[in-house]
There are 2 protein chains.
Amino acid sequence: MGEREEVQNNNDIEIGVERRGPSSLSSSRSASPESRRTTSSSLKEPLLLPHDAKRTKQISHLAIIGANCRYFQAFAAYAGCNMVLAIAAAGLCAYISPAAAGSGIPEVKAYLNGIDAHSILAPSTLFVKIFGSIFGVAAGFVVGKEGPMVHTGACIASLLGQGGSRKYGLTWKWLRYFKNDLDRRDLITCGAAAGVAAAFRAPVGGVLFALEEIASWWRSALLWRTFFTTAVVAVVLRTFIVFCRGGQCGLFGEGGLIMFDVNSVNPTYRIADLLAVIVLGMIGGIFGSLYNYLVDKVLRTYSIINERGPVFKILLAIIISLLTSCCSYGLPWLSKCIPCPASLGDQCPTVGRYGNFKSFQCPPNHYNDLASLFMTTNDDAIRNLFSSGFDKEFQLSTLIVFFAAIYCLGIITYGIAVPSGLFIPVILAGASYGRLIGTLLGSLSDLDVGFFALLGAASFLGGTMRMTVSLCVILLELTNGLLMLPLVMLVLLISKTVADCFNKGVYDQIVEMKGFPFLEAHAEPYMRNLIASDVASGPLVTFSGIEKVANILYALKTTKHNGFPVIDEPPFSDAPQLCGLVLRSHLLVLLKGKKFTKQRMAIGSNMLRTFNAQDFDKAGSGKGVKLEDLDIREEELEMYVDLHPIVNTSPYAVVETMSLAKAAVLFRQLGLRHMLVTPRMPGRPPVVGILTRHDFMSEHVLGLYPQFQTKK
Amino acid sequence: MGEREEVQNNNDIEIGVERRGPSSLSSSRSASPESRRTTSSSLKEPLLLPHDAKRTKQISHLAIIGANCRYFQAFAAYAGCNMVLAIAAAGLCAYISPAAAGSGIPEVKAYLNGIDAHSILAPSTLFVKIFGSIFGVAAGFVVGKEGPMVHTGACIASLLGQGGSRKYGLTWKWLRYFKNDLDRRDLITCGAAAGVAAAFRAPVGGVLFALEEIASWWRSALLWRTFFTTAVVAVVLRTFIVFCRGGQCGLFGEGGLIMFDVNSVNPTYRIADLLAVIVLGMIGGIFGSLYNYLVDKVLRTYSIINERGPVFKILLAIIISLLTSCCSYGLPWLSKCIPCPASLGDQCPTVGRYGNFKSFQCPPNHYNDLASLFMTTNDDAIRNLFSSGFDKEFQLSTLIVFFAAIYCLGIITYGIAVPSGLFIPVILAGASYGRLIGTLLGSLSDLDVGFFALLGAASFLGGTMRMTVSLCVILLELTNGLLMLPLVMLVLLISKTVADCFNKGVYDQIVEMKGFPFLEAHAEPYMRNLIASDVASGPLVTFSGIEKVANILYALKTTKHNGFPVIDEPPFSDAPQLCGLVLRSHLLVLLKGKKFTKQRMAIGSNMLRTFNAQDFDKAGSGKGVKLEDLDIREEELEMYVDLHPIVNTSPYAVVETMSLAKAAVLFRQLGLRHMLVTPRMPGRPPVVGILTRHDFMSEHVLGLYPQFQTKK
């Protein structure tokens with residue numbers, strides 16, 4: 001082999017950018033894995049570093065300079081492509097739908113808790129979520145696609161529930177059964193469950209994830225509906241996997257229905273292993289809560305940058321993209337080349353095709369283990385870490401470097417204006433941490449290093465997300481490790497318990513940070529020292545049963561209340577008495593119908609004949625009659641309208657002296673939006689206040705009563 | 001071989017009564033499976049029917065008569081042993097604890113819905129449940145041990161929650177944290193989940209079963225607690241299984257953590273298979289709902305017999321035991337002998353040891369397939385039906401006979417005074433039905449007959465129990481068939497949907513039949529046409545804030561109310577106003593403390609100093625201060641007692657005009673026992689009624705308003 005030939009070899013640097021570069025994107029679309037595996041003829045052997053001592057120094061120096069130049073070009077191509085994709089993802093998020101950035105799970109969780117933020121499930125969010133996520137993952141960011149898929153599922157369900165999108169000309173009339181809050185939220189819960197089921201190919205895990213993490217209220221009917229949804233997902237998914245088995249759909253079929261099969265692992269363990277697992281769970285819990293803490297800090301920092309405008313959002317994404325490219329291209333150089341195990345034959349190293357054992361800069365029959373983790377898809381990196389074949393496949397130093405890099409990159413990546421899931425970074429970091437511990441313990445433990453990686457991933461997931469049953473089932477469905485279930489359960493419990501000592505779960509943290517008025521399932525302890533009337537704030541706006549149009553319009557214009565108590569007054573009753581509660585949206589529909597009378601008189605339900613029952617349906621988010629849509633003429637302002645037909649005559653109410661804690665439980669358990677406060681003693685107006693979600697928020701209550709601050 | 005020898009052979013009839021006779025009980029205790037497998041030397045070859053044509057007719061006739069006589073003796077021994085065990089089980093139930101009969105799941109479900117029936121979770125019930133279940137299963141009844149194990153778990157949890165049993169001298173003071181309704185019910189839910197987890201070796205299934213079927217209220221804290229419980233169960237179970245691997249514990253370790261492993265089954269299927277599976281699910285749903293219907297009819301018939309006294313209960317058990325013995329001993333004679341497959345070698349037939357391929361009356365190297373199902377443990381029968389090795393292992397006629405026998409025996413057995421689970425009969429019937437369909441379809445389907453058996457079991461379970469996620473996970477954990485999950489989900493959904501068209505789930509039916517005032521999660525539609533005051537029944541008994549002892553005693557004696565409204569009257573307030581609600585149990589403790597005053601005056605909370613905080617704890621079931629325990633002297637009757645310190649000043653209340661449906665939702669969602677009804681207009685007493693669980697029962701409401709009967 002002459003020098004010329006070697007230099008020529010250097011021209012075709014194989015850096016194996018399947019994972020992070022656009023080449024993966026294009027190749028996976030243009031060619032099936034099968035064909036990529038076989039058509040290596042067009043790709044050359046990897047760069048050989050000079051290792052022939054006989055060659056003259058001068059020529060090898062030249063070669064090195066040349067090589068360095070090539071390496072730099074390769075890096076530029078790699079980082080450049082990543083950056084273009086990152087700009088595309090961040091641009092979509094920054095300019096079209098800022099709500100699509102991040103995981104989406106906290107947003108869906110908040111929505112199902114009763115927070116109607118229009119943008120969360122808007123069609124534009126759906127569009128950006130899908131394409132932003134594709135670009136973001138392709139750009140090589142340490143982000144997952146699971147969170148965005150949950151959000152995508154919820155968005156699609158929301159669109160369906162609205163009967164399609166009128167704006168984009170997609171409407172279905174037969175979907176009108178979802179024109180109420182309850183059914184629409186059920187549908188969105190099903191959509192989120194379908195997202196999880198599709199992301200992890202875990203149908204039962206999807207149901208449980210929706211139950212444990214996303215939904216705020218749970219009914220047995222909902223269980224059954226989500227189960228139906230995920231069963232359909234499972235059947236469709238399996239059909240596609242079978243259809244794609246021939247390699248027609250790129251990487252889709254990879255792993256089949258079980259993405260990371262560890263079923264072959266030998267499930268024996270001793271008491272000593274149990275101790276190791278407990279320690280692993282404890283450290284995992286600490287790392288997990290630290291992860292949450294750092295993500296929170298980074299998010300708060302980023303939000304300052306992101307608030308300055310779309311350009312800053314994109315700039316931030318560019319910086320993180322560059323950093324990620326530097327890490328994934330630069331760090332493998334630190335790793336020593338490892339000779340291929342003879343038993344693998346052709347499989348090692350993988351040059352010019354899809355697979356593990358990346359050659360990177362190594363001589364023939366050697367592979368770079370760090371490149372094998374960095375330069376592949378996230379799924380394959382996880383599969384590598386879970387694999388049990390070779391205990392020595394990854395060096396200790398490799399695992400340390402990879403763990404540190406992924407842990408840090410995961411933290412600094414979440415929060416940039418790109419759809420980004422948290423599952424994959426956490427599983428990657430946890431799996432490398434677990435495999436690291438397994439390798440360190442070595443022969444001290446009977447357990448396989450691949451299984452240690454699974455336990456490490458479980459401990460990190462438990463430490464950050466704080467779920468139990470759903471994570472357990474998702475991990476079971478991901479790995480088929482039913483015999484390992486007791487240990488996985490144990491690790492999840494330990495890491496969750498340890499992490500709960502420090503802070504809240506990552507999704508709860510993000511919900512809090514984003515300022516959503518999230519209603520917790522339990523009442524805060526200090527609420528026991530307060531009564532309902534202590535927190536009912538603001539001047540109360542009430543209507544008469546038959547009210548002047550001008551008064552209603554004024555109240556709608558000057559307040560943002562969504563519900564108004566209606567009080568029957570003499571001469572329509574003996575004394576002022578509560579008639580019920582009327583909703584802003586229903587008032588607007590009523591005013592638009594213009595069934596006014598000149599005299600103050602009851603028309604009763606006859607009036608409703610002029611309305612369609614569907615007029616009072618819950619409108620799609622951001623739709624419905626708006627105040628600006630009304631054109632009330634001057635003379636109509638002095639007319640009267642009978643509110644009785646649209647009044648909810650059985651609103652839930654509490655006495656003003658009711659313990660605030662009990663009122664909060666009532667409000668939360670029944671999923672209310674408005675709760676009336678009635679006087680304890682007669683002789684006062686029949687309603688003395690109205691409680692809404694905001695009145696139960698800690699910030700509101702503690703703002704009024706700072707003396708309870710320390711007790712929190 | 002001479003005639004003498006043949007007749008001698010006949011002396012030692014091998015009927016293989018491992019499953020149903022006491023020999024299984026004693027042998028499984030005296031010898032390990034290993035030793036039983038090898039020590040066959042003391043047992044002789046099975047009976048050979050005359051098949052040598054050369055022998056004289058006379059001698060062979062004699063032999064047949066002799067053989068028939070032996071067979072009858074064997075049957076007498078078999079049926080006699082079964083009957084003794086059946087009498088033991090029924091006797092325990094009839095004389096010690098009638099509440100222990102049946103599955104126990106409906107009772108636990110009712111208890112967790114808020115029905116405090118003392119006997120449900122009493123220590124005597126626990127005792128009878130454990131031993132009655134052992135005797136009942138050993139007596140060869142077609143009953144399972146799963147339901148009783150759930151009940152056992154709940155009983156143990158209840159005992160723990162009471163701080164042990166004072167009656168039996170087992171008390172733990174540190175368990176006082178469970179001295180309230182909420183935590184005690186949580187603990188019992190955990191106990192039930194542990195029972196499921198232990199019965200099926202399905203920890204996640206246990207959590208979900210508790211969630212979906214048993215619990216009426218669910219909080220995320222409960223999810224986490226049940227998960228912890230079942231994780232401990234899983235670890236302990238696995239430790240025992242490893243410990244018992246050597247065969248030290250009889251049949252305990254059989255099947256390992258996965259009882260019926262079908263992981264080896266090939267998971268490919270086509271569209272045509274999907275259709276077959278859908279049809280299978282539909283028929284399974286019909287059979288399942290028919291099962292429920294017949295169980296209900298049989299239960300109602302039996303309850304008439306059982307009410308006549310313990311002797312009748314035992315007689316009924318004897319009749320069913322005899323019938324079962326006849327079926328399981330007699331029916332295998334209908335089956336033809338099948339030659340052993342050559343590939344099995346020594347495994348077939350099994351003579352004198354534990355295993356499949358029972359020889360029964362067959363010549364050497366033949367086996368009786370029906371005997372292989374009847375004459376074995378229930379677990380092994382299920383394992384046989386799920387097995388995939390030999391498609392032709394069971395003849396079509398065998399499967400039909402077995403299915404019919406088990407289906408009918410299962411229906412007539414449930415309801416006798418023996419602890420009896422429903423899972424095993426349903427799984428057995430479903431598996432034989434599924435295998436029957438699989439065998440009928442033959443080569444038309446790609447699916448394995450063993451997997452058809454699993455699908456059949458799933459369809460029956462879905463059709464009778466109407467659960468989805470929990471059954472799915474339990475089946476997954478039982479069979480390790482993760483790749484089959486989509487089909488199992490589909491079958492469960494279809495069978496549940498079909499069966500729901502006909503009647504309610506079997507446990508709901510039993511709850512209704514037993515007359516428990518079970519509070520449904522949803523309000524009945526006719527309730528929308530009623531208001532709260534329509535159903536509040538009975539004269540209202542109220543107390544003053546400072547009440548005369550005689551009045552309290554009179555009210556406690558003459559009513560059975562558990563809660564009384566307390567009203568402050570002048571001179572202690574300006575006008576009569578609601579002070580709150582006081583509980584019967586707290587009143588009894590207060591009266592026992594005798595802090596009375598001669599004058600009508602407020603003592604306030606100082607009074608409570610003489611009481612211990614724990615005095616007002618929720619007492620163990622059937623404990624606490626009783627009315628008979630009070631000895632109030634004559635002069636004390638005229639004294640006063642201040643109720644304010646023990647009044648709940650924030651009781652939940654509704655206005656009398658509140659829609660009954662909304663009041664029902666409030667009552668159910670918050671898990672209330674008493675709900676006050678307040679007047680709409682001032683000028684009346686501050687409380688006009690009190691609503692309890694019974695006021696929301698359909699029987700009560702429809703009794704008052706029969707016009708809604710048809711709308712139901």
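Residues numbered from 1 in each chain as written. Chains lettered and ligands numbered in written order. Predicted model: local features only at pLDDT ≥ 70, side-chain atom pairs only at ≥ 80, totals over all residues. Heavy atoms only, no water.

Taking an unreviewed UniProt entry as the reference, chain A is identified by name as Chloride channel protein belonging to Quercus suber. You can read under Sequence similarities (unreviewed entry) in the UniProt record for chain A the words "Belongs to the chloride channel (TC 2.A.49) family." Taken from UniProt, the Subcellular location (unreviewed entry) comment for chain A reads in full: "Membrane". (UniProt positions renumbered as here; feature names shortened; annotations may be inferred.)

Caption draft 1: Geometry of helix 25 (residues 660-669) of chain A. Within helix 25 of chain A, 7 of the 10 residues are buried, which leaves it mostly tucked inside the rest of the structure. The inward-facing, buried residues of helix 25 of chain A contact helix 21 (532-535), strand 10 (653-655), strand 11 (674-678), strand 12 (689-692) and helix 26 (698-704) of chain A together with helix 24 (660-669) of chain B. The N-cap residue of helix 25 of chain A is Ser659 of chain A: its side-chain oxygen and the backbone nitrogen of Ala661 of chain A are 3.2 Å apart. Of the residues flanking the end of helix 25 of chain A, it is Gly671 of chain A, one or two places downstream, whose phi is positive at about 65°. (Buried < 20%, exposed > 50% of the residue type's maximum accessible area, 1.4 Å probe, protein only. Helix = DSSP H or I, 4+ residues; strand = E, 2+ residues; numbered from the N terminus. Contact = heavy atoms within 4.5 Å. Polar contact = N/O pair within 3.5 Å; in protein donor to acceptor, adjacent residues only side chain to side chain.)

Caption draft 2: Spatial organisation of the environment of Ser432 of chain A. Residues and elements named next belong to chain A. Its location among the elements puts Ser432 in helix 16 (residues 423-441). Among the residues examined, Ser432 registers a relative accessible area of 0% and is labelled buried. For the pair Ser432 and Ile400, spaced 32 residues apart in sequence, the C-alpha separation works out to 7.8 Å. Excluding its chain neighbours within four sequence positions, the residues that come into contact with Ser432 are Leu385, Leu399, Phe402 and Phe403.

Caption draft 3: Structural detail: the packing of aromatic side chains. Per the counting criterion, the structure on display carries 44 aromatic pairs over all chains. Centroid distance Tyr407 of chain A to Phe460 of chain A: 6.0 Å. Interplanar angle 75°. Geometry classified as edge-to-face. Here Tyr407 of chain A, found in helix 15 (residues 396-413), pairs with Phe460 of chain A, found in helix 17 (residues 449-465); they are 53 residues apart in sequence, far enough to count as distant. The exposure class of Phe460 of chain A is buried, given its relative accessible area of 1%. Taking the centre distance of 5.2 Å and the plane angle of 35° together, the rings of Tyr433 of chain B and Phe460 of chain B count as tilted. Placement of the pair is Tyr433 of chain B in helix 16 (residues 423-441) and Phe460 of chain B in helix 17 (residues 449-465), with a sequence separation of 27 residues. This pair shows no difference in class: Tyr433 of chain B is buried, exactly as Phe460 of chain B is. Taken together, the ring pairs in this structure connect Phe287, Tyr291, Phe403, Tyr407, Tyr433 and Phe460 of chain A into an aromatic cluster. Geometry around Trp224 of chain B places Lys496 of chain A over its ring, the cationic atom sitting 4.7 Å from the centre. Just above the ring of Tyr111 of chain B sits the side chain of Arg185 of chain B; from NZ or CZ to the centre is 4.8 Å. (Phe/Tyr/Trp six-rings, centres within 6.5 Å; stacked < 30°, edge-to-face > 60°. Lys NZ or Arg CZ within 6 Å of the ring centre and 35° of its normal.)

Caption draft 4: Quick look at the relation of the copies chain B and chain A. Its rotation angle being 180°, the transformation that places chain B on chain A also includes 0.0 Å of axial translation and leaves an RMSD of 0.0 Å. Look at the turn and shift together and you get a two-fold axis relating the two. Interface overlap between copies is the fraction of interface residues in one copy that are interface residues in the other; for chain B against chain A it reaches 100%, indicating a shared surface. (Least-squares fit on C-alpha atoms with pLDDT ≥ 70 in both.)

Caption draft 5: Examining helix 10 (residues 220-243) of chain B more closely. In this model helix 10 of chain B runs 35 Å from its N-terminal to its C-terminal C-alpha over 24 residues, within 8% of the 34 Å that 1.5 Å per residue would give. Within helix 10 of chain B, the full set of buried residues consists of Leu222, Leu223, Thr226, Phe227, Thr230, Ala231, Val233, Ala234, Val235, Leu237, Arg238 and Ile241 of chain B. Against the buried residues of helix 10 of chain B lie helix 9 (203-214), helix 11 (271-306), helix 18 (469-479) and helix 19 (485-500) of chain A together with helix 8 (181-200) and helix 9 (203-214) of chain B. (Expected span 1.5 Å × (residues − 1).)

Caption draft 6: Quick look at the state of the cysteines. Residues and elements named next belong to chain A. Scanning the model with the defined rule gives 2 disulfides over all chains in all. Each sulfur of the disulfide joining Cys337 and Cys362 lies 2.1 Å from the other. Between Cys337 and Cys362, the S-S torsion sits near -95°, and that sign places the bridge as left-handed. One end of the pair, Cys337, is in strand 3 (residues 337-339); the other, Cys362, is in the loop between strand 3 and strand 4 (366-368), with 25 residues separating them in the sequence. Residue class for Cys337 comes out partly exposed when judged on its relative accessible area of 28%. Relative accessible area serves as the criterion here: at 0%, Cys362 is assigned to the buried category. (Disulfide = S-S within 2.5 Å.)

Caption draft 7: Looking closely at the interface of chain B and chain A. At the interface, 57 residues of chain B touch 58 residues of chain A. Taken over both partners, the interface formed by chain B and chain A buries close to 5400 Å², and the fraction arising from carbon and sulfur atoms is 73%. Area buried by chain B at its contact with chain A is led by Trp224, Phe227 and Arg238 of chain B, which between them contribute 12% of it. At the surface where chain B touches chain A, the tally comes to 10 residue pairs in polar contact (both at pLDDT 80 or more). Contributions of two or more residues to the side of chain B that touches chain A are made by helix 9, helix 10, helix 18 (469-479), helix 19 (485-500), strand 8 (577-583) and helix 24 of chain B. (Buried area = accessible area lost by both parts, 1.4 Å probe.)

Caption draft 8: Molecular detail of the packing of helix 6 (residues 123-138) of chain B against helix 7 (residues 146-161) of chain B. All names here are of chain B. Running from N to C, helix 6 and helix 7 cross one another at 150°; their axes reach a closest spacing of 9 Å. In terms of their interaxial angle, helix 6 and helix 7 are classed as roughly antiparallel. Where helix 6 crosses over helix 7, the two elements pack in a sense that is left-handed. The residues of helix 7 that touch helix 6, namely those facing Pro123, Thr125, Leu126, Lys129, Ile130 and Ser133, are Pro148, His151, Thr152, Cys155, Ile156 and Leu159. For the contact of helix 6 with helix 7, the residue count by class is 7 nonpolar, 4 polar and 1 charged. (Axes fitted to C-alpha atoms, helices over the stretch in contact; angles between N-to-C directions. Parallel < 35°, antiparallel > 145°, perpendicular 65-115°, else oblique. Left-handed = near helix turned anticlockwise from the far one by under 90°. Nonpolar A, V, L, I, M, F, W, Y, C, P; charged D, E, K, R; others polar.)

Caption draft 9: Quick look at the nonpolar core. Counting 262 residues, the largest nonpolar core has Phe386 and Phe423 of chain A together with Phe386 and Phe423 of chain B as its most contacted members. The contacts of Phe386 of chain A, once residues within four sequence positions are left out, are Phe260, Val262, Ile427, Ala431, Arg435, Gly450, Ala453, Leu454, Ala457 and Thr479 of chain A. Counting residues in each nonpolar core, the second largest holds 52 residues, with Leu660, Phe696 and Leu702 of chain A together with Leu666 of chain B among its members. (Core = buried A, V, L, I, M, F, W, Y, C linked by side-chain atoms within 4.5 Å.)

Caption draft 10: Representation of the pattern of salt bridges. Residue and element names in this part refer to chain A. Under the definition given, this model contains 46 salt bridges over all chains. Its salt-bridge partner being Arg225, residue Asp186 comes within 3.0 Å of it at the nearest N-O pair. In this pair, Asp186 is assigned in helix 8 (residues 181-200) and Arg225 in helix 10 (residues 220-243), connecting sequence segments 39 residues apart. Residue classification places Asp186 among the buried residues on the basis of a relative accessible area of 5%. A salt bridge links Glu635 to Arg633, with the shortest nitrogen-to-oxygen separation between them at 3.0 Å. Overall, Arg633 belongs to the partly exposed group, its relative accessible area being 45%. When salt bridges that share partners are traced, they join Lys594, Asp631, Arg633, Glu635 and Glu636 into one network. (Salt bridge = Lys/Arg side-chain N within 4 Å of Asp/Glu carboxyl O.)

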